[in-house]
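Summary of the model geometry
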Amino acid sequence: MGNKDIVPVRIQDNSVQAQYNATIYKVDLTHYVESNQEEQLIITETYFNRMSALPKKITIFEDQNVEIYDNPHFFSPYPTEKSQTTYKLASSPIFYTEEDATAKGGNIEYGPYRNDGAFTRSKIRLHFENTRPFPVFKNVTRVIEVSHWGNIAIEDFYKLANEGAELTGEYNKVDFNKYTQHTGKNSLKNLKAKLPYNSWGVYYKDEVGNISTSRAFRDSASNSVDMTIEPRFALLGGWKSNFYIGYNLPAKYTLFVEKADPTNYYLRQNSGLIFKGIMAEEFTIKVILPEGATEINYQFPFPLNEVSEEKSFSYFDFEGRPTFVFKIKNVVDYHDQTFTVNYKFSQNSIIREPLM
């Protein structure tokens, strides 16, 4: 299919879900595939909560081990002539299901399987060492405030958890600190974010106040502002932290006006997280438009879980600012796309507050 991305559509099939515990997705190809003709497809699937720590709790001196259960067959509603699955582990396995398996260091191959029927499955178990932290955003709220005076203010609020093996036993800074290499290996010591290239006025804080352990620079090669943050304390397994990251964007890069109709505006913003490779269980985007905005529409490149409207109030507001609240669950890198909010706004409305 070349390099074209195709967005699958979820199909509700209760019989398949009940019998096979499966979800069906429909994909419309870009062209017909003739009889006896072959076509190559690359399918990317993202799972969460499939890997868990074993044991569930460890001391600060122990290394973290994890396990995963999976189906090594190509799980499909169609017959499969041949399939083979390779698992790339973080280390050599402590244990793995040996049937149909070939181990090569940290790689384990299952198959090849031939002439599998639809929805073929079996169960394998993998147990191996993985000392990386398991960061998960339990909740993320992004507030985008639109000003027709030339600025778009954005603030993200994060509820972060390290869902690796929980710390058990005593903790002290003699045995562990954020510079220690040999203890607390599954601790989360820093995070790396990518902000839009034209970001300015960047800040990083929590409920206590400003957090000084951060650095950012504008990277022309990646067309982004690369930011590294360190929490006030390293997050060991089971620990949590809340924080804010805020920045501004010049409106001329994200807010556009239609030439044929100068009252018609288009706001284009990113719908993904600034931290790559980390899932958010719940992601809320609040878009606050100027007071007086009307005929509001929005377009997202993927389905939303919930949409609501409310009013936000600031200085000199009478009727309140139209605010759209978009909620998305299980956000991953796939959601790093662009959404659009279109609205009408009269130029007379912009001068009302300064005249007061």
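The preceding data block contains the structure.
Note that the coordinates shown come from a computational prediction; the quantities given were computed from them, not determined experimentally.

1. What to know about the overall build of the protein chain
Counting secondary structure elements, the protein chain contains three helices and 25 strands. Along the longest, intermediate and shortest principal axes, the C-alpha atoms of the protein chain span 80 × 70 × 40 Å. A buried classification covers 38% of the 356 residues belonging to the protein chain. Computed over 39 positive and 44 negative side-chain charges, the inter-centroid distance for the protein chain is 4 Å.

2. Looking at the pattern of salt bridges
Applying the stated criterion to the full structure yields 13 salt bridges. Notably, a salt bridge pairs Lys276 with Asp336, separated by 2.8 Å at the nearest N-O pair. Placement of the pair is Lys276 in the loop between strand E20 (264-270) and strand E21 (280-288) and Asp336 in the loop between strand E24 (321-331) and strand E25 (338-344), with a sequence separation of 60 residues. Through salt bridges with shared partners, one network takes in Lys138, Glu163 and Glu281.

3. Digging into the sheet that holds strand E9 (residues 107-116)
Pairing is antiparallel in the open sheet, where three strands are placed in the order E6-E9-E8. Edge positions in the open sheet fall to strand E6 (80-88) and strand E8 (101-104), since each of these has one partner strand only. For this sheet, the mean angle separating the axes of adjacent strands, direction not counted, is 20°.

4. Focus: unusual backbone geometry
Following Leu54, the chain continues to Pro55 via a peptide bond in cis, the omega torsion being 5°. With respect to the helices and strands, the residue Pro55 is situated in the loop between strand E3 (51-53) and strand E4 (57-58). A cis geometry characterises the amide bond from Gly111 onward to Pro112, with omega recorded as 10°. Inspection of the secondary structure assignment puts Pro112 in strand E9.

5. Comments concerning the sheet that holds strand E18 (residues 240-250)
If you trace the seven strands from one edge of the open sheet to the other, you get E15-E18-E12-E11-E21-E24-E23, paired in mixed fashion. Two strands bound the open sheet, and with one partner strand each, they are strand E15 (200-205) and strand E23 (306-312). The sheet shows a mean angle of 15° between the axes of neighbouring strands, direction not considered. In this sheet, E21 lies alongside strand E11 (residues 135-147) in parallel orientation, the contact comprising seven bridges.

6. Digging into the side chain of Asp206
Its location among the elements puts Asp206 in the loop between E15 and strand E16 (214-219). With relative accessibility at 12%, the residue Asp206 sits in the buried group. Among the polar contacts listed, one links the side chain of Asp206 to the backbone nitrogen of Val208, at a separation of 2.9 Å. In this structure Asp206 touches Ile211, Arg232, Asn242, Phe243 and Tyr244, once residues within four positions along its chain are discounted.

7. What to know about a nonpolar patch on the surface
There is a patch of nonpolar side chains on the surface, built from Val27, Leu29, Val33, Leu41, Ile43 and Phe74 and spanning about 510 Å² of accessible area. Among the secondary structure elements, Phe74 is positioned in the loop between strand E5 (65-70) and E6.

8. Considering the environment of Leu160
Looking at where Leu160 falls in the secondary structure, it is placed in strand E12 (residues 151-162). Along the chain, Leu160 and Asn242 lie 82 residues apart, while their C-alpha atoms are 6.0 Å from each other. Residue contacts for Leu160: discarding those within four places in its chain leaves Pro135, Val136, Phe137, Leu188, Leu191, Leu235, Trp239, Lys240, Ser241, Asn242 and Phe243.

9. Topic: the packing of aromatic side chains
When we look at a pair of aromatic rings, we describe it by the centre distance and by the angle of the planes. The tally for this structure, following the rule as stated, stands at 24 aromatic pairs. Measuring from ring centre to ring centre gives 5.7 Å for Tyr204 and Phe243, while their planes differ by 85°; the resulting arrangement is edge-to-face. Residue Tyr204 is found in strand E15, and its partner Phe243 is found in strand E18; the two are separated by 39 residues along the sequence. The pair Tyr204 / Phe243 is uniform in exposure class, with both members buried. Cluster of aromatic residues (ring-pair linked, three or more members): Tyr298, Phe300, Phe302, Phe324, Phe326, Tyr334 and Phe339. Sitting over the ring of Tyr47, Arg50 keeps its end group 4.6 Å from the ring centre. Between the NZ or CZ atom of Arg218 and the centre of the ring of Tyr197, over which it lies, the distance is 5.5 Å.

Analysis parameters
Note on numbering: residues in each chain are counted from 1, in written sequence order. The predicted nature of this model means local features are confined to residues of pLDDT at least 70 and side-chain atom pairs, given and counted, to a pLDDT of 80 or more, with totals for whole chains, interfaces and linings taken over all residues. Excluding hydrogens and water, the side-chain figures rest on all heavy atoms present in the structure. Helix and strand definitions follow DSSP, with helices as H or I runs of at least four residues and strands as E runs of at least two, each counted in order from the N terminus. In this scheme, a residue with accessible area under 20% of its type's maximum is buried, one over 50% is exposed, and one in between is partly exposed, where area comes from a 1.4 Å probe on protein chains only. In this tally Asp and Glu are treated as negative and Lys and Arg as positive; neither His nor the chain ends contributes. By convention, the charge on Lys lies at NZ, on Arg at CZ, on Asp at CG and on Glu at CD. Each reported salt bridge corresponds to a side-chain nitrogen of Lys or Arg within 4 Å of a carboxyl oxygen of Asp or Glu. Any two strands with at least two DSSP bridges between them are considered paired. Under this scheme, a helix contributes an axis fitted over its contacting stretch, all axes are lines through C-alpha atoms, and angles between N-to-C directions fall in the 0 to 180 degree range. Polar contact is the term for a pair of N or O atoms within 3.5 Å; when the atoms are in protein, one must be able to donate a hydrogen and the other to accept it, and sequence-neighboring residues count only if both atoms are side-chain atoms. By definition, residues are in contact when any of their heavy atoms lie within 4.5 Å. Patch membership requires over 30% relative accessible area and the absence of a salt bridge. Like charges are linked within 9 Å, and nonpolar side chains (Val, Leu, Ile, Met, Phe, Trp, Tyr) within 5 Å. Accessible areas in this description were obtained via Shrake-Rupley with a 1.4 Å probe; residue shielding takes into account the shown protein chains only. Ring pairs are drawn from Phe, Tyr and Trp, using the six-membered ring of Trp, whenever the two centres fall within 6.5 Å, and their geometry is named by plane angle: stacked under 30 degrees, edge-to-face over 60, tilted for the rest. Comment: the charge-over-ring label is applied if NZ (Lys) or CZ (Arg) is within 6 Å of the ring centre and within 35 degrees of the ring normal.

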